[in-house]
Amino acid sequence: LKRWEGEKSLAPSIFSVIQNTQAPESAFVRWRVEEEAGDPVSGTWQDAELIKAWIAFYQHSQQKRGICMATGDEMVLALQHPAKLRHAGDKAKLISANDNSGYTFRGKFTDSDQAASVGFEVAQKAHNALRWLVARQAYRKGDQAVVSWAVSGKPILDPLASTLELFGVDLSALTPDPSTSNTDQAFALRLKKAIAGYGSKLEPSEDIVFMGLDSATPGRMAITFYRELKGSDFLKRVEAWHLKCAWPQNLGKEARFVGAPAPSDIAEAAYGRRIDDKLKKATVERLLPCIVDGFQVPLDLVKSATRHASNRVCLDHWEWEKCLGIACALFKGYHTERNYQMTLEHDRKSRDYLYGRLLAIADSIEGYALSLTDEGKKRETTAGRLMQRFADRPFSTWRNIELALKPYESRMRAGSEKSVAILMKRRNALTEVMAMLDTIEERTSDAPLTGEFLLGYHTQRQSFWPGATEKIDNDAETRDPVIQATSTETN
């Protein structure tokens, strides 16, 4: 039978283990051989002696000999090369020249041996080693696989991991105290110390290989990215990536850290959670040179992530928090010459940065007032609803946001002494930012804001967190009101 069309419960067992597109003869079957005396290794695929005997038999039975292009020696040549490199069902091959009627090699060579001749033993060793590496330590997404390794076999860090995944065993070393005056310096020292831990296991002259694999068709696979680096250069470039894109990240309730996001998270922040697999693979591939070669982050990714983070009302709270941190990290990594800090910069007087601070202050005032009632905790603030419009037309939109604050300020004045104290601090911060904004000539311009306003918004909001630059008292209720409202909504 090629396919079973009867009742599913009556189907032969072979149809329960193969895909619908496969015929039964396409199944891969293996068996055990047990002797009466008892064979300690009954699995034929586990018996080393049987495997050696098969290799010797195969080599003896092959008549085709030639020069192996990998070693330069004369030996038995491989007639076919292994598949199943990325997973058990992978049919794509890196080396394949068995098509005598198509254009695999025709046009440049008269036969396939002129294109590539690899020894049987060399092909088996190389492909099996790559298969083991991919299964053990590769990043995989669909048909895409990215793997790195040290030629000596020593363990190395994963260049495609986020800072959380890379050093997740010691989160305290990556979450600096918000009251620290220079968070960037503290993070840089801790990151350098963590990288040095890997460096102690690798020699500076150690050979590191970084390879990307992908296939456009089921039968053909290509090496899409390949680099050979020394151990010292490899660690320096990975450290530079995590340092220049370091920013407070919020990937969920249990995943808050300071560092660089993973390339897969960057792709989702730029194009949304429902990103197409092909676009996600292409985005990850575009980010590989940024990590391994030290290239600049693509500008279109920075702009796309900025637009996505500005569209707050169309995202769930946790998704927006994640996108906000990634967008800030990309903008900071793209503009390294501006030397942005992860803490609030009171002396930075650029128009976009100040407008971002204004939005955060307005968001905090209204958020606290809404948190005073159970019904208000579920509502979005005016600053949150108008964030996208504010990014496009800041000057005209700010008037609407500021006017909407009046009733909430009145509610806070009529509240407890704590709410009055919080209002006074927020109003003082608002006055300070407005005074700096009045000295800028383009403050009345309605030109769209760049991603810098997200940095000002994020750092200003972070400065309101307990233990940062101000603290009203030690009571747990003095948390930032915006966080109170959003955490209640998340719960």
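Whatever comes next refers back to the structure up there.
Each chain has its residues counted from 1, running along the sequence as written. Two thresholds apply to this predicted model, a pLDDT of at least 70 for residue-level local features and 80 or more for giving and counting side-chain atom pairs, whereas whole-chain, interface and lining totals are computed over all residues. With hydrogens and water set aside, each side-chain value is computed from the structure's full complement of heavy atoms.

**Remarks on the environment of Glu25**
Secondary structure follows DSSP: runs of H or I at least 4 residues long count as helices, runs of E at least 2 residues long count as strands, and numbering of each begins at the N terminus. The residue Glu25 is located in the segment before helix 1 (48–61) in this model. When its relative accessible area of 53% is taken as the criterion, Glu25 is described as exposed. Along the sequence, Glu25 and Lys2 sit 23 residues apart, while their C-alpha atoms lie 8.4 Å from each other. Here the side chain of Glu25 touches Lys2 through a polar contact of 2.5 Å, side chain to side chain. The rule is simple: take the accessible area with a 1.4 Å probe, protein chains only, and divide by the maximum for that residue type; under 20% is buried, over 50% is exposed, in between is partly exposed. Whenever two N or O atoms come within 3.5 Å, that pair is a polar contact, provided that in protein one can donate a hydrogen and the other can accept it, and provided that, for residues adjacent in sequence, both atoms are side-chain atoms.

**Let's talk about the pattern of salt bridges**
We define a salt bridge as a side-chain nitrogen of Lys or Arg found within 4 Å of a carboxyl oxygen belonging to Asp or Glu. Using the criterion set out here, one finds 23 salt bridges in the structure. Of the charged contacts in the structure, one is a salt bridge between Lys125 and Glu121, with a shortest N-O distance of 3.0 Å. Of this pair, Lys125 and Glu121 both sit in helix 3 (residues 120–137), four residues apart, roughly one helical turn. Residue Lys125 is classed as exposed on the basis of its relative accessible area, which comes to 55%. With a shortest N-O distance of 3.0 Å, Arg461 and Glu321 are connected by a salt bridge. Here the residue Arg461 occupies a position in helix 17 (residues 452–463), and Glu321 occupies one in helix 10 (residues 317–334), the gap between them amounting to 140 residues. Neither Arg461 nor Glu321 differs from the other in exposure class; each is buried.

**A short note on the layout of surface pockets**
One number sums up the size of the largest pocket: a volume of about 1,600 Å³. Think of a 1 Å grid over just the protein atoms. A cavity is a set of points where a 1.4 Å probe fits yet cannot get out, a pocket is an open set with protein on both sides within 12 Å along at least five of seven lines, and lining residues have an atom within 4 Å of a point. As for the largest pocket, its lining consists of 37 residues, and the residues nearest its centre are Phe28, Pro82, Ala83, Lys84 and Arg131. Counting only elements with at least two residues in the lining of the largest pocket, the list comes to helix 1 and helix 3. With six residues, helix 3 is the single largest residue contributor to the lining of the largest pocket. Only Asp, Glu, Lys and Arg are considered charged in this grouping, and only Ala, Val, Leu, Ile, Met, Phe, Trp, Tyr, Cys and Pro are considered nonpolar; every other residue, Gly among them, is considered polar. In terms of residue class, the lining of the largest pocket is made up of 19 nonpolar, 10 polar and eight charged. Grid points are joined across faces, edges and corners, and a volume is the space filled by probe spheres set on the points.

**Points about the packing of helix 11 (residues 351–371) against helix 16 (residues 417–437)**
Where helix 11 meets helix 16, the axes come as close as 10 Å, and the angle between the chain directions of the two elements is 165°. In this view, helix 11 runs roughly antiparallel relative to helix 16, as classed from their interaxial angle. The two elements helix 11 and helix 16 meet at a crossing, and its hand is left-handed. To define axes, lines are fitted to C-alpha atoms, for helices over the stretch in contact only, and angles between the resulting N-to-C directions are given on a 0 to 180 degree scale. For classification purposes, an angle smaller than 35 degrees is called roughly parallel, one larger than 145 roughly antiparallel, one from 65 to 115 roughly perpendicular, and anything else oblique. Left-handed describes a crossing whose near helix is turned anticlockwise from the far helix through less than a right angle; right-handed describes the clockwise counterpart.

**Quick look at the packing of aromatic side chains**
When two rings of Phe, Tyr or Trp (its six-membered ring) have centres within 6.5 Å they constitute a pair, described as stacked for plane angles under 30 degrees, edge-to-face for angles over 60, and tilted for the intermediate range. Tallied over the full model, the rule gives eight aromatic pairs. Feature note: the residues Trp54, Phe57, Tyr58 and Phe120 constitute an aromatic cluster, connected by ring pairs. When the NZ atom of lysine or the CZ atom of arginine is within 6 Å of a ring's centre and also within 35 degrees of its normal, the charge is said to sit over that ring. Stacked on the ring of Trp320, the Lys or Arg Arg312 has its end atom at 4.3 Å from the ring centre. When the ring centre of Tyr353 is taken as origin, the NZ or CZ atom of Arg348, which lies over that ring, is 5.9 Å away.

**Section: the side chain of Ser463**
Topologically, Ser463 is positioned in helix 17. Looking at Ser463, its side chain comes within polar contact range of the main-chain oxygen of Gln460, at 2.5 Å.

**Focus on helix 17**
Here helix 17 is 12 residues long and its end C-alpha atoms lie 17 Å apart, about the 16 Å a rise of 1.5 Å per residue gives. Taking burial as the measure, the 12 residues of helix 17 include 12 buried ones, the bulk of the element. Along helix 17, the residues classified as buried are Glu452, Phe453, Leu454, Leu455, Gly456, Tyr457, His458, Thr459, Gln460, Arg461, Gln462 and Ser463. Where helix 17 is buried, its residues touch strand 7 (247–250), helix 9 (299–310), helix 10, helix 11 and helix 13 (387–392). Multiply 1.5 Å by the residue count of a helix minus one, and that product is the helix's expected span. Contacts: residue pairs with any heavy atoms within 4.5 Å of one another.

**Thoughts on a nonpolar patch on the surface**
Here, patches come from residues exposed beyond 30% relative accessible area and free of salt bridges, joined within 9 Å for like charges and within 5 Å for nonpolar side chains (Val, Leu, Ile, Met, Phe, Trp, Tyr). In short, Shrake-Rupley with a 1.4 Å probe defines the accessible areas, and a residue's cover is counted only from the protein chains shown. On the surface, Ile51, Trp54, Ile55 and Phe57 cluster together into a nonpolar patch covering about 410 Å² of accessible area. In this fold, Trp54 is placed in helix 1.

**A closer look at the nonpolar core**
Only buried Ala, Val, Leu, Ile, Met, Phe, Trp, Tyr and Cys residues count toward a nonpolar core, and they belong to the same one when joined by side-chain atoms within 4.5 Å. Counting 89 residues, the largest nonpolar core has Phe234, Trp241, Leu359, Phe390, Phe453 and Leu454 as the members making the most contacts within it. The dominant element in this core, judged by the number of residues it contributes, is helix 11, at 12 residues. Residues contacting Leu359, with those up to four places away along its chain left out, are Ala383, Met387, Phe390, Trp398, Ile401, Phe453 and Tyr457. Residues Leu133, Val147, Met211 and Leu213 belong to the second largest nonpolar core, which totals 12 residues.

**Regarding the sheet that holds strand 4 (residues 144–150)**
Read from one edge of the open sheet, four strands run 3-4-5-6, paired in antiparallel fashion. Both edges of this open sheet fall to strand 3 (139–141) and strand 6 (222–230), since each of them pairs with a single strand only. Adjacent strand axes in the sheet meet at a mean angle of 10°, parallel and antiparallel pairs treated alike. Two strands pair when backbone bridges link them, and strand 5 (residues 207–214) and strand 6 are joined in this way by eight bridges, in the antiparallel orientation. Bridging across to strand 6, Val209 finds its partner in Glu228. The sheet strands contacting helix 3 are strand 3, strand 4 and strand 5, and the helix crosses strand 4 at an angle near 100°. Helix 6 (residues 231–244) rests against strand 5 and strand 6 of the sheet, and its axis sits at about 110° to strand 6. A pair of strands counts as paired when DSSP detects no fewer than two bridges linking them.

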